[in-house]
Amino acid sequence: MTVKKLVTMKAEKTIYKGTYLKLTERVIGDQVFETAHLRGAVIVFAKNSDGKFLFIKEQRPHENQKVRLKPVTGFIDDGDDWLTTAKKELREEACLIAQNLELIRHIPVSGSIVTDKYFVIATDLTPDPEPISNPDGDVIEELIYLDLEQAIAMTITNEMPLVFDSLGLFLLKELKL
């Protein structure tokens, strides 16, 4: 006869809650499981009329890598959705308005890290007549337009370090956008 052991699970407990991150733990049996919950975020690939994609070279004094090259990105604020955030981040980081914004993929991430990533392509770009300031305090050094193959090569050689956002480059390639 097989005896099944009853496993007890305690309610999830919040250990830390900040603006962008919440850390929880849950006890299941005699194991403690920690989960990091990150705010959802947009990754906007702004494509110009020449078919090149916009990347932002910015100073990030609070990070280990003080200057980074990245697409337009941003966390989704409470009450906002991916579209509102994509429009806002494009204005804040690049002083651009896109006439067309299309969600090309939503990736819900679960496990030890939980978040939602929204990959967006922005086209029909025009300069923002009333630019809004970037509340993060990041200093934009340069706006750089790269073709897709250049951007992928820079990711592979670590000139533009591979982060989750870089997966969008491979998605753009696969979808032939």
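The coordinates are above.
Residues numbered from 1 in each chain as written. Predicted model: local features only at pLDDT ≥ 70, side-chain atom pairs only at ≥ 80, totals over all residues. Heavy atoms only, no water.

*Asks:* Explain the overall build of the protein to me, using residue names and the numbers behind them.
*Replies:* When you go through the protein residue by residue, the secondary structure sums to three helices and 10 strands. Sequence-ordered secondary structure for the protein, helices as α and strands as β, is β-β-β-β-β-β-β-α-β-β-β-α-α. Taking all 177 residues of the protein together, 34% fall into the buried category. Counting contacts in the protein only where the partners sit at least 6 residues apart, residues at least 24 apart contribute 56% of the total. By element, 54% of the accessible surface of the protein is carried by carbon and sulfur atoms, the whole surface being about 10900 Å². Taken together, the 22 basic and 28 acidic charged side chains of the protein have centroids lying 8 Å from each other. (Helix = DSSP H or I, 4+ residues; strand = E, 2+ residues; numbered from the N terminus. Buried < 20%, exposed > 50% of the residue type's maximum accessible area, 1.4 Å probe, protein only. Contact = heavy atoms within 4.5 Å. Areas by Shrake-Rupley, 256 points an atom, 1.4 Å probe, with all protein chains shown as cover. Lys, Arg positive; Asp, Glu negative; His and termini not counted. Charge placed at Lys NZ, Arg CZ, Asp CG, Glu CD.)

*Asks:* Let's hear about helix α2 (residues 148-156): which residues, and what values?
*Replies:* Among the residues of α2, those classed as buried are L148, A151, I152, M154 and T155. For α2, the arc enclosing every buried residue in end-on projection is 160°, short of the 170-degree limit, so these residues lie on one face. For α2, the secondary structure elements touched by its buried residues are β5 (53-59), β6 (67-70), β10 (139-146) and α3 (167-175). For α2, the side-chain oxygen to backbone nitrogen distance between the N-cap and E149 is 3.2 Å, and the N-cap itself is D147. (Arc of directions from axis to C-beta. Polar contact = N/O pair within 3.5 Å; in protein donor to acceptor, adjacent residues only side chain to side chain.)

*Asks:* Describe in detail the pattern of salt bridges, supporting the description with residues and values.
*Replies:* Scanning the entire structure with this criterion turns up nine salt bridges. Between D128 and R91 there is a salt bridge, with its nearest N and O atoms 2.5 Å apart. Of this pair, D128 sits in the loop between β9 (113-127) and β10 while R91 sits in helix α1 (residues 82-94), and the two are 37 residues apart along the sequence. The partly exposed category is assigned to R91, whose relative accessible area is 25%. (Salt bridge = Lys/Arg side-chain N within 4 Å of Asp/Glu carboxyl O.)

*Asks:* Could you give an account of the layout of surface pockets, naming the residues involved and the relevant values?
*Replies:* Volume-wise, the largest pocket comes out at about 870 Å³. As for the largest pocket, its lining consists of 36 residues, of which R60, E63, R68, T73 and F75 are closest to the centre. Secondary-structure elements contributing two or more residues to the lining of the largest pocket are β4 (41-46), β6, β7 (72-75), α1 and β9. Grouping the amino acids of the lining of the largest pocket by side-chain chemistry returns 15 nonpolar, six polar and 15 charged. (1 Å grid on protein atoms, 1.4 Å probe; cavity = no way out; pocket = protein on both sides within 12 Å on 5 of 7 lines; lining within 4 Å. Points joined across faces, edges and corners; volume = space filled by probe spheres on them. Nonpolar A, V, L, I, M, F, W, Y, C, P; charged D, E, K, R; others polar.)

*Asks:* Which residues make up the sheet that holds β10, and what values go with them?
*Replies:* Strand order across the open sheet formed by three strands is β6-β5-β10, with antiparallel pairing between neighbours. With partners counted over all chains shown, the strands left at the sheet margins are β6 and β10, one partner each. Taken pair by pair, the neighbouring strands of this sheet meet at an average axis angle of 20°, ignoring direction. Judged from the four bridges that link them, β5 and β6 form a sheet pairing that is antiparallel. Residue pairing for β6: K57 is matched across the bridge by L69. (Pairing = 2+ DSSP bridges. Axes fitted to C-alpha atoms, helices over the stretch in contact; angles between N-to-C directions.)

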